[in-house]
Amino acid sequence: TATKKNFAVLALLTRLLPPSGVGKVKVFPNPYKPGSGGMYDDPLAGRGVVFTGLTSSVRIQVVSVTGELGWEYSGATSLSNFFWDTRNRHGQLVGSGVYLYVVHDNGNGQLMRRSKFSIIR
């Protein structure tokens, strides 16, 4: 122990590594522009955005910038990807705007990514 005459806060700090999934999750196309003729505009394949870099089981939440939960999925993914048709919880197409997304690994509950993408209709 040691005695100090002045007030001091001492702490041992260590650098924590980010979770292994952080930064690997991506959303594309970003911005998503329906009708632009891109690969994700083909009605046979479906229209929407792709979440990639996922684990085998995830929870994805899409939230508007006003904080309203627009869409949520929890379950298995296919080949570490998940296709979202840009419809909200009520089956309606979401409007133009900036959307926030949060992805958690269902296996351990770990946050994998929190970021944003946009839709231009």
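From a predicted model like this one, the values you see are computed outputs, not experimental measurements. (Residues numbered from 1 in each chain as written. Predicted model: local features only at pLDDT ≥ 70, side-chain atom pairs only at ≥ 80, totals over all residues. Heavy atoms only, no water.)

Visitor: Describe in detail the packing of aromatic side chains, supporting the description with residues and values.
Guide: Under the counting rule described, the total for this entry stands at 9 aromatic pairs. Residues Tyr101 and Phe117 carry aromatic rings whose centres are separated by 6.0 Å and whose planes lie at 45° to one another, so their mutual orientation is tilted. Highlighted residues: Tyr101 in strand β6 (residues 97-105) and Phe117 in strand β7 (residues 111-119), separated in sequence by 16 residues. Phe117 matches Tyr101 in its accessibility class, with the two residues each being buried. Joined through ring pairs, the aromatic side chains of Phe51, Trp71, Tyr73, Phe82, Trp84, Tyr99, Tyr101 and Phe117 make up one cluster. (Phe/Tyr/Trp six-rings, centres within 6.5 Å; stacked < 30°, edge-to-face > 60°. Helix = DSSP H or I, 4+ residues; strand = E, 2+ residues; numbered from the N terminus. Buried < 20%, exposed > 50% of the residue type's maximum accessible area, 1.4 Å probe, protein only.)

Visitor: Describe the sheet that holds strand β5 (residues 81-84), and please don't skip the residues or the numbers.
Guide: The sheet built from 3 strands is open, its strands ordered β1-β2-β5 with antiparallel pairing. With one partner strand each, in any of the chains shown, β1 (26-28) and β5 form the two edges of the open sheet. For this sheet, the mean angle separating the axes of adjacent strands, direction not counted, is 20°. As paired elements, strand β2 (residues 49-52) and β5 share 4 bridges and run antiparallel to each other. What sits directly across from Thr52, in β5, is Asn81. (Pairing = 2+ DSSP bridges. Axes fitted to C-alpha atoms, helices over the stretch in contact; angles between N-to-C directions.)

All we've got here are geometric facts, nothing functional implied.
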